[in-house]
Each structure stands twice: as C-alpha cells, then as structure tokens.
Amino acid sequence: RTEDMIVAGGCFWCVEADMEKAPGVIAVVSGYSGGNRANPTYDNYAEGGHREVVKVTYDPAKASYRQLLHYFLKHIDPTDGEGSFVDRGVQYSPAIYYETDSQKQTAENALEAVAKEGNFDKKLQVPVLERQKFWRAEEYHQDYYQKNPVQYQTYRRYSGRDGFIEDIWGDTADDIPARNGDAFTSSNATTMNTTDSNKPWQNYDKPSQDTLKDMLDPTVYEITQEDGTEPAYDNELWDENRAGIYVDVLSGEPLFSSKHKYKSGTGWPSFTKPLEAKNIVTKADHLLGYRRTEVRSKHGDNHLGHVFNDGPEETPESGAEPTGLRYCLNSAALEFIPKDEMAERGYREYLSVFSDGS
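Sequence order as written defines the numbering, with residues in each chain counted from 1. The predicted origin of the model limits local features to residues at a pLDDT of at least 70 and limits the giving and counting of side-chain atom pairs to 80 or more, whereas totals for whole chains, interfaces and linings rest on all residues. With hydrogens and water stripped out, all remaining heavy atoms of the structure feed into the side-chain values.

Trainee: Can you walk me through the overall build of the protein chain in this structure?
Mentor: Going along the chain from the N terminus, every DSSP run of H or I of four or more residues is numbered as a helix, and every run of E of two or more is numbered as a strand. Looking only at helices and strands, one finds eight helices and 19 strands in the protein chain. The globule rule used for comparison is 2.2 Å times the number of residues to the exponent 0.38, while the radius of gyration itself is calculated over C-alpha atoms. On C-alpha atoms alone, the protein chain measures out to a radius of gyration of 21 Å, which is about the 21 Å that the 2.2 N^0.38 rule sets for 358 residues. Here the C-alpha coordinates of the protein chain stretch approximately 60 × 45 × 40 Å along the principal axes. A simple rule labels every residue: compare its accessible area, found with a 1.4 Å probe on the protein chains alone, to the largest value its type can have, and call it buried under 20%, exposed over 50%, or partly exposed in between. Relative to its 358 residues, the protein chain shows a buried fraction of 54%. Contacts are assigned to residue pairs that have any heavy atoms within 4.5 Å of one another. A separation of at least 24 residues holds for 67% of the contacts in the protein chain among residues at least 6 apart in sequence. Methods summary: accessible areas were calculated by the Shrake-Rupley approach with a probe of 1.4 Å, and residue burial reflects only the protein chains presented. Accessible surface, the protein chain as shown: approximately 16,800 Å² in total, 44% of it carbon and sulfur. The charge count treats Lys and Arg as positive and Asp and Glu as negative. His and the chain ends do not count. Throughout, a charge is located at the NZ atom of Lys, the CZ atom of Arg, the CG atom of Asp or the CD atom of Glu. Of note, the protein chain has its 39 positive side-chain charges centred 4 Å away from the centre of its 60 negative side-chain charges.

Trainee: How do you make sense of the environment of Asp-59 when you look at a structure like this?
Mentor: Counting through the fold element by element, Asp-59 comes out in the loop between β3 (51–58) and α2 (65–73). The exposure class assigned to Asp-59 is buried, which follows from its relative accessible area of 19%. In contact with Asp-59, other than residues within four places in its own chain, are Arg-1, Gly-24 and Ile-26. Polar contacts involving the side chain of Asp-59 include one to the main-chain amide nitrogen of Ala-61, which spans 2.9 Å. Two N or O atoms count as a polar contact when they lie within 3.5 Å, although within protein this holds only if one can serve as hydrogen donor and the other as acceptor, and sequence-adjacent residues are included solely when both atoms are side-chain atoms.

Trainee: Before we go on, may I ask you to explain the environment of Phe-134 in this structure?
Mentor: Among the structural elements, Phe-134 can be located in the loop between β7 (128–130) and β8 (135–136). With relative accessibility at 16%, the residue Phe-134 sits in the buried group. As for Phe-134 and Ser-30, which are separated by 104 residues in sequence, their C-alpha atoms are 9.5 Å apart. Apart from the residues lying within four places of it in its own chain, the contact partners of Phe-134 are Ile-6, Val-29, Ser-30, Gly-31, Tyr-32, Ser-33, Val-53, Val-54 and Lys-55.

Trainee: Would you mind showing me how to read the sheet that holds strand β13 (residues 261–262) here?
Mentor: By way of backbone hydrogen bonds, the strands of a sheet pair with one another, either parallel or antiparallel. Strands are treated as partners if at least two bridges between them are detected by DSSP. What the six strands build is an open sheet, ordered β13-β14-β18-β17-β16-β15; its pairing is antiparallel. Each of the sheet's edge strands pairs with one partner strand only, and the pair in question is β13 and β15 (280–285). Sheet analysis places β15 next to strand β16 (residues 292–297), joined by six bridges and oriented antiparallel. Its bridge partner being in β16, Thr-282 is matched across the sheet by Val-295.

Trainee: Just to check I follow, could you spell out the nonpolar core for this structure?
Mentor: Note on soluble globular proteins: their nonpolar side chains tend to be buried together. Counting residues in hydrophobic clusters, the biggest one holds 48 residues, and the most contacted among them are Met-5, Leu-69, Phe-72, Leu-73 and Ile-96. What Leu-69 contacts, discounting residues up to four positions off in sequence, is Met-5, Val-7, Ile-96, Thr-106, Ala-107 and Ala-110. To define a nonpolar core, start from buried Ala, Val, Leu, Ile, Met, Phe, Trp, Tyr and Cys residues and group those joined through side-chain atoms within 4.5 Å. In terms of nonpolar packing, the next biggest core, distinct from the first, is built from 21 residues, Val-220, Leu-237, Phe-271 and Leu-325 among them.

Trainee: It is not clear to me how the environment of Val-56 should be interpreted in this structure. Could you clarify?
Mentor: Inspection of the secondary structure assignment puts Val-56 in strand β3. Taking the C-alpha atoms as reference, Val-56 lies 14 Å from His-70; in sequence the two are 14 residues apart. The residues touching Val-56, leaving out its near neighbours within four places in the chain, are Glu-3, Asp-4, Met-5, Met-19, Val-25, Ala-27 and Val-28.

Trainee: What is the right way to look at the side chain of Asn-302 in this model?
Mentor: Residue placement: Asn-302 occurs in the loop between β16 and β17 (303–308). Looking at Asn-302, the relative accessible area reads 1%, which means it is buried. The contacts of Asn-302, once residues within four sequence positions are left out, are Lys-206, Thr-224, Gln-225, Asp-248, Leu-250, Val-295, Arg-296 and Ser-297.

Trainee: How do you make sense of the packing of helix α5 (residues 149–159) against helix α6 (residues 161–169) when you look at a structure like this?
Mentor: α6 packs onto α5 with a crossing angle of 55 degrees between their chain directions and a minimal axis gap of 4 Å. Judged by the angle between their axes, α5 and α6 are oblique. Two secondary-structure elements touch here, α5 through Arg-156, Arg-157 and Ser-159 and α6 through Arg-161, Asp-162 and Ile-165. A class-by-class count of the residues in the contact of α5 with α6 yields one nonpolar, one polar and four charged. Every axis in this analysis is a line fitted to C-alpha atoms, fitted for helices over the stretch in contact. Angles between the N-to-C directions lie between 0 and 180 degrees. Geometric relationships in this document are graded by angle, where less than 35 degrees denotes roughly parallel, more than 145 denotes roughly antiparallel, 65 to 115 denotes roughly perpendicular, and other angles denote oblique. Under this grouping Gly is polar, as are all residues other than the nonpolar Ala, Val, Leu, Ile, Met, Phe, Trp, Tyr, Cys and Pro and the charged Asp, Glu, Lys and Arg.

Trainee: Help me out: how do you make sense of the pattern of salt bridges in this one?
Mentor: Two side chains carrying opposite charge are able to pair once their charged atoms lie near each other. Salt bridge, as used here, is a side-chain nitrogen of Lys or Arg placed within 4 Å of a carboxyl oxygen of Asp or Glu. Here the structure, examined in full by the defined rule, presents 15 salt bridges. Ionic pairing is found between Arg-156 and Asp-162, a salt bridge with its closest N-O pair at 2.8 Å. Within this structure, Asp-227, Glu-294, Arg-296 and Asp-301 form a network of salt bridges that share partners.

Trainee: Help me understand helix α1 (residues 12–20) in this model?
Mentor: Given 3.6 residues to a turn, an α-helix orients residues that are three or four positions apart in the same direction. Of all the nine residues making up α1, eight are buried; the element is thus mostly covered by neighbouring parts of the structure. Within α1, burial applies to Phe-12, Trp-13, Cys-14, Val-15, Glu-16, Ala-17, Asp-18 and Met-19. The inward-facing, buried residues of α1 abut β2 (25–33), β3, α2, α4 (144–147), α5 and α6.

Trainee: Before we go on, may I ask you to explain the packing of aromatic side chains in this structure?
Mentor: Any pair of aromatic rings gets described here by the distance separating the centres and the angle formed by the planes. Pairing of aromatic side chains requires ring centres within 6.5 Å, counting the rings of Phe and Tyr and the six-membered ring of Trp. Pairs whose planes differ by under 30 degrees are stacked, by over 60 edge-to-face, and all others tilted. All told, the structure shown has 16 aromatic pairs when counted by the stated rule. With 5.8 Å between their ring centres and 80 degrees between their planes, Phe-120 and Trp-169 make a pair best called edge-to-face. Here Phe-120, found in the loop between α3 (101–116) and β7, pairs with Trp-169, found in helix α6; they are 49 residues apart in sequence, far enough to count as distant. Taken together, the ring pairs connect Tyr-246, Phe-256, Phe-271, Tyr-327 and Phe-336 into an aromatic cluster. As a reminder, the over-ring test applies to NZ of lysine and CZ of arginine, requiring each to be within 6 Å of the ring centre and within 35 degrees of the ring normal. Positioned above the aromatic ring of Trp-169 is the side chain of Lys-74, whose terminal nitrogen or guanidinium carbon lies 4.6 Å from the ring centre. The ring of Trp-135 is capped by Lys-133, whose NZ or CZ atom sits 4.8 Å from the centre of that ring.

On their own, these measurements won't tell you what the molecule is for.
The following block contains the structure:
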C-alpha cells in the first residue's frame, strides 16, 4: 500500500530532488496545483493561480506523513510567503495541501513542531490548503536534476537554497523525528537513514591522503583520489552482466544497479541513472580544458567518473530505463556486489530492486 502527498516549496526541480532522497519515498513528480485553470503549462500556470508543486508517493510503513512533512519543511524556506529564494511570486511560495481533516491537523502540528525547534527568527508562513487537482508538469521538468546536473547544481547554489538550508540546519537537515507511534517531539529526533547499523557508509570516516596512498592499489588511488581514468575495455566491470549492485570501493555506499546498466560502446561501466541519487554528488570539471560533469560519491568523497547527456532515449537491449543520461564510471572506483551476496553484505533492502526476478 502506498500513499501520496502534495507540497509546494518553490522551484519544483529542487523540491523533487530533495524529496526523492527522503526515507520511504517511492516516486516524486513535478507539477502544478492550487489554481483554477485546467491543463496548465509552464507558460501559463501562474496566471491560473497555480503553484509549482510535487506529488510524493511513499510507503507509510517506512515513513509517516508527519515525518515526511518535517523533512520537507527543513528543505525549503518556510518563512517566505511571497516566493522562494530568488524566485518571487505566489507561484513559488510554499504550501502544504491536505486531503482529510486528519492530514490538515497533522500538517498544522508539523509546522508548530518545526517552529518550536527555534531555528527561525521569523514566523513560518506555510499555508495548509485543501488539496486540489494535480497537473503533471512537462516531461523535461521531471528529474531535471538528473537530466541537467550542471545547470541544476548551478541554480541551487546561486539561488541561495543550499546556503540557507546549511545556515539554518547544518548537518541536521536530513534529521527527522522517530515514529514512536507518530509522537512528534524534537527530543526523539533521529536520522532515519542512519539508524540502521547495516549502513556503515553513513558514518564513513575518510582516512588521510597519506594513509590512502599506503593502503590502496596505485590505480585505485589515482582514479579515486586524483580524478584519473582507467583504460577503456581494459577494466574489470565494463562487461559485468550479472544482477547486483555497484558500491563505492572505499565507503561501501550503494551507488548503481545492474538494472540501470547498459552497453554504451565506450568500454566503461555505463548506467542510465543511480540506484541511490542521495549518494551521488556532481561537480563541474574543466580538467581537460572544457566543461564536463564529474560524479563523486557523497560519503566516500571519491571520484567515480562523469555523467553525459548522450545516454539512451529509448530502452536499450539491457532493459535499463532510458533517461538520456550516461553515467560513465571507472571500475576501480566501484565494487560489484552480486545479487546472491547482497543480504549477507548488508544490502538486503536493495533486493526489492530485483523483485521481478531479474
């Protein structure tokens, strides 16, 4: 059983990307809601009174409505009722849309709880509004952060969103209250993503460069720490076809899955999308004299490879989901965990990726 919720927090590219990283979330779709015009488009949604919103589909057994609202409120500016960061106007202002009286009360309680944490010196201005029809936004807006990582990261940084969240919440931005029967007190706060003792990558403490240089194979060190590139077709995983997942060779954090792997014809392991987007960091790279987008692991902070916009637009032979992206990675930066070893290695939760038997 799944449930969904609709929230507005400014640029839906950013809200979608943040909510996809929340615990229990299955899918997030960008769209428009709250207005009086049917079939709104990006060109006219504001004229019809709509906001940019996202619809979040989640598993209530893994995260409650109240927990996800708390997470949402910590990834927007809930004190600005006239827009969000550089984007001005009601169409960019925050809102929570409720479907039942119970949801309305839950939303109001969540706002009160976040306010009581004392991080804001201004009153929260997030209206709790009755839910209206959700209109899906144009396809190029969906997963914009994956399709256009450089433009997306540039926007996030210069809009002030990332700086605001860092200044207000620091390392606690992803912390949400424990369920405890939905008791919602900050004294019970815990990070859901770090309570599982089988996720050691969450607390990975990267050794010094001198230590890494002593402990790592020279090729692994060159690639992960000096942004190197291994030879095409002469690396361990470019033609690995077994079912399983690919993790950071040092931290062990899950990164990619065989479900999203395809033969790109380049001679390096290639994927259309990450298994865990929250463990992927992208950065502008001008090392070769022109701009590329580097891919790094979040917890390990290791160089993995690059992402390009020349991925498959149609389903490739492997069956990977076409996204138009090609995550081109180095085998030496990855460890492959076969499907039949995932449970014993601490990756049991990702077996659901292969629930269709593949």
